[in-house]
2 protein chains.
Amino acid sequence: MSKQFDFYFDFSSPYGYFAAMRIDALAAKYQRTVRWMPILLGVMFKVSGSMPLTMIPLKGDYSRHDFDRTARFHDIRFNMPSTFPIATQSAARAVIWLQQTAGDAKAITFAKAAYQAYFAEGIDISDSANLLKIATELGINAAELEEGLNSAPIKHQLKMNVEQAIERKVFGSPFIIVDDEPFWGFDRFDQLETFLKNGTI
Amino acid sequence: MSKQFDFYFDFSSPYGYFAAMRIDALAAKYQRTVRWMPILLGVMFKVSGSMPLTMIPLKGDYSRHDFDRTARFHDIRFNMPSTFPIATQSAARAVIWLQQTAGDAKAITFAKAAYQAYFAEGIDISDSANLLKIATELGINAAELEEGLNSAPIKHQLKMNVEQAIERKVFGSPFIIVDDEPFWGFDRFDQLETFLKNGTI
């Protein structure tokens with residue numbers, strides 16, 4: 001049984017943000033670590049014929065209400081961004097570049113900071129300039145990051161990650177796979193915790 | 001503040017079934033009662049451009065896995081029916097007829113029995129003969145029920161109920177509205193309970 005499990009998320013996903021604020025603590029409680037895997041939901045929506053929740057008739061209005069209420073329920077700071085959804089390729093590439101050059105811990109710190117910037121501070125993280133500013137505040141070299149973001153190997157790695165996620169039948173955000181057991185959605189954290197605790201449900 | 005709140009469900013919805021097995025006990029805990037409102041998701045899916053979960057690529061396989069796991073997690077007897085989804089007009093009309101002729105308690109007892117027949121026993125409740133058998137076992141006059149199922153006023157009432165549900169922005173099953181606060185999904189029962197307890201989240 002691997003100590004590490006996989007957390008797939010898109011930076012434009014509110015429930016992905018909520019999961020991101022809680023998943024490391026949940027994993028640590030059961031002596032596990034988390035592999036953070038940024039993905040691009042837009043690609044997956046083409047496979048499953050889906051679209052962003054907020055754009056679906058009826059469901060859209062409800063989901064906006066549910067984002068706010070779920071944030072309050074779990075005591076997570078949240079302000080629905082005025083620009084939503086956004087392109088998240090640059091943020092995802094930044095995480096991958098950090099994983100390869102600075103290690104998982106730094107990449108996770110950056111991912112959390114980027115998520116909070118977008119979903120709490122209202123900063124548009126589709127804008128590379130804003131990503132570089134967030135990185136700089138974390139002591140990351142902005143010039144090197146910018147080069148990394150635009151490099152062919154990093155772009156290729158993100159493409160591979162998304163393709164592999166689809167092969168593993170990931171179709172939403174957050175999506176967690178622990179020992180081949182899949183959990184879709186922040187509202188499966190209760191079942192995820194039971195699985196981490198008992199190895200079965 | 002009304003003592004009663006509304007529970008919308010489709011008889012072909014697994015999560016609606018799980019909710020049906022738990023909602024009366026949850027309501028009673030907070031001195032509330034439940035108005036059971038059978039609806040037809042097919043009509044709503046046309047509005048929201050959606051379709052049954054199990055028919056969506058990728059999401060379909062996951063959802064079948066999640067039905068089984070959620071049933072185990074909540075200790076609810078469940079066997080995925082071989083015929084799914086099914087037409088639920090007759091079951092919904094039976095509930096409405098019972099509400100009008102025998103009262104809410106009998107209608108709820110029947111609704112639970114029909115749900116269990118379908119999702120635990122594998123009985124096809126789109127077949128009126130099976131519905132009449134379930135009714136007979138509950139001491140309901142099958143001939144009267146059969147006439148009621150096919151009567152214009154009952155058909156009209158179901159149509160009205162579905163239209164009113166759509167006006168209230170109901171788009172899925174289960175869908176609960178308490179004091180104008182909407183909750184979609186069995187996995188919102190944690191938030192629903194907090195709302196019943198505190199009147200706010």
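As shown above, the structure is provided for reference.
Residues numbered from 1 in each chain as written. Chains lettered and ligands numbered in written order. Predicted model: local features only at pLDDT ≥ 70, side-chain atom pairs only at ≥ 80, totals over all residues. Heavy atoms only, no water.

## Re the nonpolar core
Point 1. Judged by nonpolar contacts, the single largest core of 73 residues is most densely connected at F7, F11, W36, F110, I125 and I176 of chain B.
Point 2. Per element, the largest residue contribution to this core is 10 residues, and it comes from helix 5 (residues 104–119) of chain B.
Point 3. If near-sequence neighbours (up to four positions away) are discounted, F11 of chain B is found in contact with P38, T88, A91, A92, V95, A111, A114, Y115, Y118, F119 and I125 of chain B.
Point 4. With 72 residues, the next largest nonpolar core counts F5, L40, A91 and F171 of chain A among its residues. (Core = buried A, V, L, I, M, F, W, Y, C linked by side-chain atoms within 4.5 Å. Buried < 20%, exposed > 50% of the residue type's maximum accessible area, 1.4 Å probe, protein only. Helix = DSSP H or I, 4+ residues; strand = E, 2+ residues; numbered from the N terminus. Contact = heavy atoms within 4.5 Å.)

## A short note on the packing of helix 3 (residues 59–73) of chain A against helix 9 (residues 189–198) of chain B
How two helices pack is summed up by the angle between their axes together with the distance between the axes.
Point 1. With their axes 11 Å apart at the nearest point, helix 3 of chain A and helix 9 of chain B run at an angle of 75° to one another. Comparing their axes, helix 9 of chain B and helix 3 of chain A come out roughly perpendicular. Here helix 3 of chain A contributes D66, R69, T70 and F73 of chain A to the contact with helix 9 of chain B, which in turn contributes D190, Q191 and T194 of chain B.
Point 2. Its residues assigned to classes, the contact of helix 3 of chain A with helix 9 of chain B shows 1 nonpolar, 3 polar and 3 charged. (Axes fitted to C-alpha atoms, helices over the stretch in contact; angles between N-to-C directions. Parallel < 35°, antiparallel > 145°, perpendicular 65-115°, else oblique. Nonpolar A, V, L, I, M, F, W, Y, C, P; charged D, E, K, R; others polar.)

## Things to note about the interface of chain A and chain B
Point 1. The interface of chain A with chain B comprises 31 residues on the first partner and 31 residues on the second.
Point 2. Approximately 3,000 Å² of surface area, both sides summed, lies buried where chain A meets chain B, with 59% of it carried by carbon and sulfur atoms.
Point 3. When the area that chain A buries against chain B is broken down by residue, the three leading residues are L58, Y62 and F73 of chain A, summing to 22%.
Point 4. Counting across the chain A and chain B interface gives 8 salt bridges.
Point 5. For D66 of chain B, the salt bridge identified is with R188 of chain A, shortest N-O distance 2.7 Å.
Point 6. The interface formed by chain A and chain B includes 18 residue pairs in polar contact (both at pLDDT 80 or more).
Point 7. Mapped onto the side of chain A that touches chain B, the elements with two or more residues apiece are helix 2 (41–48), helix 3, strand 4 (181–184) and helix 9 (189–198) of chain A.
Point 8. Take the side of chain A that touches chain B: its biggest share by element is 9 residues, from helix 3 of chain A.
Point 9. Among the residues forming the side of chain A that touches chain B, the class breakdown is 15 nonpolar, 6 polar and 10 charged. (Buried area = accessible area lost by both parts, 1.4 Å probe. Salt bridge = Lys/Arg side-chain N within 4 Å of Asp/Glu carboxyl O. Polar contact = N/O pair within 3.5 Å; in protein donor to acceptor, adjacent residues only side chain to side chain.)

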